[in-house]
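An overview of the molecular structure
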Amino acid sequence: MTASEHVRLLRDLRSVRRFTAEPVAQHVIDDLLDVVRWTGSSSNRQPWELVLVRNRETVAALADIGGGPGARHLADATLAIVLVMANERADFDAGRCAERVLLTLAAHGIGACVAGFARPEQGDAVKQLLGVPADRTIRIAISAGHPAGDRAHLVSAERDVDDRLPLHTMRLGRKPLAEIVHLERYGSR
């Protein structure tokens, strides 16, 4: 891959919220686990463990625990990846790990989206569902699967293509660089 192809992979990464029923291949999962194992972390603590969930009922239960449009996409995923963190102070490392998961899946053509369990009772419910020790922290699960068409990444006020899930409205596109870049000091362009 050339540098521009790597940059394109990074730039074009999109959240996919609708999936086909085709399972994620084991070689993709093997690559994913290898990448996660080598992901950098604060002081190289590697404060994560993953729970890979393929059971349809358990994946649907994760979506129910997440509630609302922020986790609804888990329901149709053929694979859910739950990040189990060593403690509450590992949020930065959880973000690094989640991004590597998303990029690895995208490199294989697999769609994915992050679901958050922001409230402590949600994390506790996931721990109970999956048998995770009480001293661990769960705030993130990632839905994964083969994208259900070219529009599987879009979010709008319209109903999903099969009319099962109403989708929430989200601003598409990106802010111009002039709004997000400061040179030397904040406010200097």
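Heads up: the structure comes first, above all this text.
Now for a description of the structure that goes with this document. (Residues numbered from 1 in each chain as written. Predicted model: local features only at pLDDT ≥ 70, side-chain atom pairs only at ≥ 80, totals over all residues. Heavy atoms only, no water.)

Some points on the environment of Ala 141
- Relative to the elements of secondary structure, Ala 141 occurs in strand 4 (residues 137-145).
- Not counting residues within four places of it along the chain, the set of residues in contact with Ala 141 comprises Leu 74, Ile 81, Val 82, Cys 113, Val 114, Ala 115 and Phe 117. (Helix = DSSP H or I, 4+ residues; strand = E, 2+ residues; numbered from the N terminus. Contact = heavy atoms within 4.5 Å.)

Considerations on the sheet that holds strand 3 (residues 111-116)
- Overall, antiparallel pairing links the four strands, which are arranged 1-2-4-3 in an open sheet. The open sheet terminates on both sides in strands that have one partner only, identified here as strand 1 (48-53) and strand 3. With strand direction ignored, the average angle separating the axes of adjacent strands in the sheet is 25°.
- Inspection of the sheet shows strand 2 (residues 79-85) paired to strand 4 by seven bridges, in the antiparallel sense. Bridge pairing in strand 4 places Met 85 opposite Thr 137.
- Along the sheet face, helix 5 (residues 120-130) touches strand 1, strand 2 and strand 4 and points at about 70° away from the line of strand 4. (Pairing = 2+ DSSP bridges. Axes fitted to C-alpha atoms, helices over the stretch in contact; angles between N-to-C directions.)

Digging into the packing of helix 2 (residues 26-38) against helix 4 (residues 91-107)
- Contact pair helix 2 / helix 4: the axes reach a minimum separation of 9 Å and the direction vectors enclose 150°. By crossing handedness, the relation of helix 2 to helix 4 is classed as right-handed. From helix 2, Val 28, Asp 31, Leu 32, Val 35 and Val 36 reach across to helix 4, where they touch Cys 97, Arg 100, Val 101, Thr 104 and Leu 105.
- The class makeup of the residues in the contact of helix 2 with helix 4 is seven nonpolar, one polar and two charged. (Left-handed = near helix turned anticlockwise from the far one by under 90°. Nonpolar A, V, L, I, M, F, W, Y, C, P; charged D, E, K, R; others polar.)

Structural notes on the packing of helix 3 (residues 56-66) against helix 5
- Interaxial distance between helix 3 and helix 5 falls to 9 Å at its minimum, and their mutual angle equals 165°. As the angle between them shows, helix 3 and helix 5 are arranged roughly antiparallel. For the pair helix 3 and helix 5, the crossing hand works out as right-handed. Contacts from Thr 58, Ala 61, Leu 62, Ile 65 and Gly 66 in helix 3 reach Gln 122, Ala 125, Val 126, Leu 129 and Leu 130 in helix 5. (Parallel < 35°, antiparallel > 145°, perpendicular 65-115°, else oblique.)

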